[in-house]
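Below are the chains, spelled out letter by letter.
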Amino acid sequence: ELKSNAPSSVMKHLRPLNGKETSYIASILEKRSVDPEIRSVVNQVSLAEIKKDIVKLSSYSTRLAGTDENHTALRGVREKLSNFGLTVMQVCHASKSCSLVADKKGSHSPNEVIMAMAHIDSVGHKFAGADDNASGTAALLEMARVLSQVDNKKTFRFFVTNGEESGLLGAK
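Note that the coordinates shown come from a computational prediction; the quantities given were computed from them, not determined experimentally.

Looking at the pattern of salt bridges
All told, the structure shown has 5 salt bridges when counted by the stated rule. Among the ionic pairs, Arg145 bridges to Glu142, the shortest N-O distance being 2.5 Å. In this pair, Arg145 and Glu142 both sit in helix α7 (residues 130–147), 3 residues apart, roughly one turn of the helix. Taking the relative accessible area as the measure of exposure, Arg145 reaches 25% and is therefore partly exposed.

The structure is reproduced here in structure tokens:
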């Protein structure tokens, strides 16, 4: 049970949802003084979009790096990132295993980079893991969608690694 295993410093930030919230994020924002600009950006996060991406990425029989289904999933992610107006580059660390780097260039300090990353591959041979790591990739896609509409001084970089399950190969 989580309550008995987690430190009290962590538990004080967790609580079960009572079914009335539309978003855990919204319930946190209601209780805190948050900069209106940040609140506006966070309010654009769509849990429905995240769920849709998790369902899609988990629908493959595998996302093992280098497989045809991994390539298909990666193409879908690349297309989404491109549709957000990001500059997308493919970086290959093996002949059949590539990662994606998607940038939204900063207006004032483009050489200063704020990066988020998630890995797209999974170890499943007859399933494609939702928590490993479709959920991380889906969250990264939603972050990219929302932040692609923000005026940013520094460059936002979204790094979709491939080959994490094979020794972090795609993140090197």
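Now, onward.
Thoughts on the sheet that holds strand β2 (residues 97–104)
What the 4 strands build is an open sheet, ordered β1-β2-β4-β3; its pairing is mixed. Among the strands making up the open sheet, the edge pair consists of β1 (87–94) and β3 (109–119). When the angles between neighbouring strand axes are averaged without regard to direction, this sheet yields 25°. Relative to β2, β1 is paired through 7 bridges, and the arrangement is antiparallel. Pairing of Ala94 across the sheet is with Ser97, part of β2. Sitting on the sheet, helix α6 (residues 68–83) touches β1, β2 and β4 (154–161), and the angle it makes with β2 is about 10°.

Notes on the state of the cysteines
Applying the stated rule across the entire model yields 1 disulfide. Disulfide partner of Cys92: Cys98, at an S-S distance of 1.9 Å. Disulfide Cys92-Cys98: the torsion about the S-S bond is 90°, which places it as right-handed.

Structural notes on the environment of Asn83
Among the structural elements, Asn83 can be located in helix α6. C-alpha of Asn83 to C-alpha of Ser148: the two residues are 65 residues apart in sequence and 9.9 Å apart in space.

Looking at the side chain of Ser99
You can see Ser99 is positioned in strand β2. A polar side-chain atom of Ser99 sits 3.0 Å from the main-chain amide nitrogen of Asn162.

Things to note about the pairing of β4
Along β4, 6 of the 8 residues are buried, which leaves the element largely enclosed by surrounding structure. Here β3 runs beside β4; their pairing, made up of 8 bridges, is parallel. Across the sheet, Met117 pairs through a bridge with Phe159, a residue of β4.

Digging into the environment of Gln149
As for its placement among the helices and strands, Gln149 is situated in the loop between α7 and β4. For the pair Gln149 and Gly85, spaced 64 residues apart in sequence, the C-alpha separation works out to 9.1 Å. Within polar-contact distance, the side chain of Gln149 engages the side chain of Ser148 at 3.1 Å.

Considering the nonpolar core
Core analysis: the biggest nonpolar cluster contains 24 residues, and Val77, Leu81, Leu86, Leu100, Ile120, Phe158 and Val160 have the highest contact counts within it. Elements supplying a minimum of two residues to this core: α6, β2, β3, α7 and β4. For this core, the leading source of residues is α7, giving 5 residues. Sequence-distant contacts of Val160, defined by excluding residues within four places in its chain, comprise Leu74, Val77, Leu81, Ser99, Leu100, Ala118, Ile120 and Leu140.

The rules we used
Residues numbered from 1 in each chain as written. Predicted model: local features only at pLDDT ≥ 70, side-chain atom pairs only at ≥ 80, totals over all residues. Heavy atoms only, no water. Salt bridge = Lys/Arg side-chain N within 4 Å of Asp/Glu carboxyl O. Helix = DSSP H or I, 4+ residues; strand = E, 2+ residues; numbered from the N terminus. Buried < 20%, exposed > 50% of the residue type's maximum accessible area, 1.4 Å probe, protein only. Pairing = 2+ DSSP bridges. Axes fitted to C-alpha atoms, helices over the stretch in contact; angles between N-to-C directions. Contact = heavy atoms within 4.5 Å. Disulfide = S-S within 2.5 Å. Polar contact = N/O pair within 3.5 Å; in protein donor to acceptor, adjacent residues only side chain to side chain. Core = buried A, V, L, I, M, F, W, Y, C linked by side-chain atoms within 4.5 Å.

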